[in-house]
Amino acid sequence: EAQVTQNPRYLITVTGKKLTVTCSQNMNHEYMSWYRQDPGLGLRQIYYSMNVEVTDKGDVPEGYKVSRKEKRNFPLILESPSPNQTSLYFCASSLYGDGRRDTQYFGPGTRLTVL
Amino acid sequence: RKEVEQDPGPFNVPEGATVAFNCTYSNSASQSFFWYRQDCRKEPKLLMSVYSSGNEDGRFTAQLNRASQYISLLIRDSKLSDSATYLCVVNAGNMLTFGGGTRLMVKP
């Protein structure tokens, strides 16, 4: 089944404790991205990657890191989480993602709480 | 000003009604336009792309007005299952910008 998977789905952590949220897609998509969704602010893009070893900042990259060592994986790293990073996070992928008419496939989301 | 703006709603409509949502965008270089549907705190899913000439998919019709920089979504004969949040999405270059979403509630 073609899909985007994220782990963990739910995470409660404390300020400053490094964490990684994994994202994997099995569709051989070139483009992958991370979003956070907050009430009243909608979905905002954190980072995106157009291919292996190519990553770029989105609208809200501060406090996050990403890497794209393999085409299928795009982990999101919070080196020192803070309470303002409490949010619902979505990973997404698309075949090209370069402005063409391209469907974004989203993972099921990770609900992160930072105490 | 937000790059992509939507009326958050909620739009409360009876079954069978026709409802329309608008979305405005600020970046005139925007190239691709989409409507996504999101059920309560689940992942967004593509509803339909929006083409310059307008396009229809069953009960759903999308329109794009580049001059005025807005897109619209029309839902005819609303079903209970249409209750969701509808996200307007605009693609300029390599980034996607999402509107805050419009919540639709279809009542029996």
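Throughout what follows, the structure given in this document is the object of discussion. (Residues numbered from 1 in each chain as written. Chains lettered and ligands numbered in written order. Predicted model: local features only at pLDDT ≥ 70, side-chain atom pairs only at ≥ 80, totals over all residues. Heavy atoms only, no water.)

Residue and element names in this part refer to chain A. Inspection of the sheet shows strand 5 (residues 42–51) paired to strand 6 (residues 54–57) by 4 bridges, in the antiparallel sense. Paired with Tyr-47 across the bridge in strand 6 is Lys-57. In sequence, strand 5 turns back onto strand 6 through a hairpin of 2 residues, with Glu-53 there showing a positive phi of about 65 degrees. (Pairing = 2+ DSSP bridges. Helix = DSSP H or I, 4+ residues; strand = E, 2+ residues; numbered from the N terminus.)

Turning to the state of the cysteines, a few remarks are in order. Applying the stated criterion across every chain yields a total of 2 disulfides over all chains. Disulfide pairing places Cys-23 of chain A opposite Cys-91 of chain A at an S-S distance of 1.8 Å. Because the sign of the S-S torsion sets the handedness, a value of about -70 degrees for the bond joining Cys-23 of chain A and Cys-91 of chain A places this disulfide among the left-handed ones. Taken as a pair, Cys-23 of chain A in strand 3 (residues 19–25) and Cys-91 of chain A in strand 9 (residues 87–94) lie far apart in primary sequence, 68 residues in all. Summarising the burial analysis for this pair, Cys-23 of chain A and Cys-91 of chain A share the class buried. In this model, Cys-23 of chain B is linked to Cys-88 of chain B through a disulfide, with the two sulfur atoms separated by 1.9 Å. Residues Cys-23 of chain B and Cys-88 of chain B are joined through a disulfide that is left-handed, its torsion about the S-S bond being -70 degrees. Of this pair, Cys-23 of chain B sits in strand 3 (residues 19–25) while Cys-88 of chain B sits in strand 9 (residues 84–92), and the two are 65 residues apart along the sequence. (Disulfide = S-S within 2.5 Å. Buried < 20%, exposed > 50% of the residue type's maximum accessible area, 1.4 Å probe, protein only.)

Attention now moves to unusual backbone geometry. The step from Asn-7 of chain A to Pro-8 of chain A runs through a cis peptide bond, and the omega angle for that step is -5 degrees. Along the chain, Pro-8 of chain A turns up in the loop between strand 1 (4–7) and strand 2 (10–13). Looking along the chain, the bond that leaves Gly-9 of chain B and enters Pro-10 of chain B is cis, with omega of 10 degrees. Mapped onto the secondary structure, Pro-10 of chain B falls in the loop between strand 1 (4–6) and strand 2 (11–14). The phi dihedral of Glu-53 of chain A falls on the positive side, at around 65 degrees, and the residue is not glycine. Among the structural elements, Glu-53 of chain A can be located in the loop between strand 5 and strand 6.

Turning to the interface of chain B and chain A, a few remarks are in order. Contact with chain B, which involves 21 residues of that partner, is made by 27 residues of chain A. For the pairing of chain B and chain A, the buried interface totals around 2000 Å² over both sides, and the portion due to carbon and sulfur atoms is 49%. Counting the surface chain B buries against chain A, the share from its top three residues, Arg-41, Asn-94 and Met-95 of chain B, is 31%. Across the contact surface, chain B and chain A share 0 salt bridges. (Contact = heavy atoms within 4.5 Å. Buried area = accessible area lost by both parts, 1.4 Å probe. Salt bridge = Lys/Arg side-chain N within 4 Å of Asp/Glu carboxyl O.)

Another aspect to go through is the sheet that holds strand 1 of chain B. Backbone-to-backbone hydrogen bonds join strands into a sheet, with any given pair of strands oriented parallel or antiparallel. All names here are of chain B. The strand order across the open sheet built from 5 strands is 1-3-8-7-6, with neighbouring strands paired in antiparallel fashion. Each edge of the open sheet carries a strand with a single partner, namely strand 1 and strand 6 (55–57). Each neighbouring strand pair of the sheet contributes to a mean axis angle of 20 degrees, computed without reference to strand direction. Relative to strand 8 (residues 70–75), strand 3 runs antiparallel, the two sharing 6 bridges. Bridge pairing in strand 8 places Cys-23 opposite Ile-71. (Axes fitted to C-alpha atoms, helices over the stretch in contact; angles between N-to-C directions.)

Within this structure, the stated rule accounts for 8 salt bridges over all chains. In this structure, Arg-36 of chain A and Asp-38 of chain A form a salt bridge, with 2.8 Å as the shortest nitrogen-oxygen distance. For the pair formed by Arg-36 of chain A and Asp-38 of chain A, the shared burial category is buried. With a shortest N-O distance of 2.9 Å, Asp-77 of chain B and Lys-79 of chain B are connected by a salt bridge. Classification of Asp-77 of chain B by relative accessible area gives partly exposed; the value is 36%. The network of salt bridges with shared partners includes Lys-18, Lys-65 and Glu-79 of chain A.

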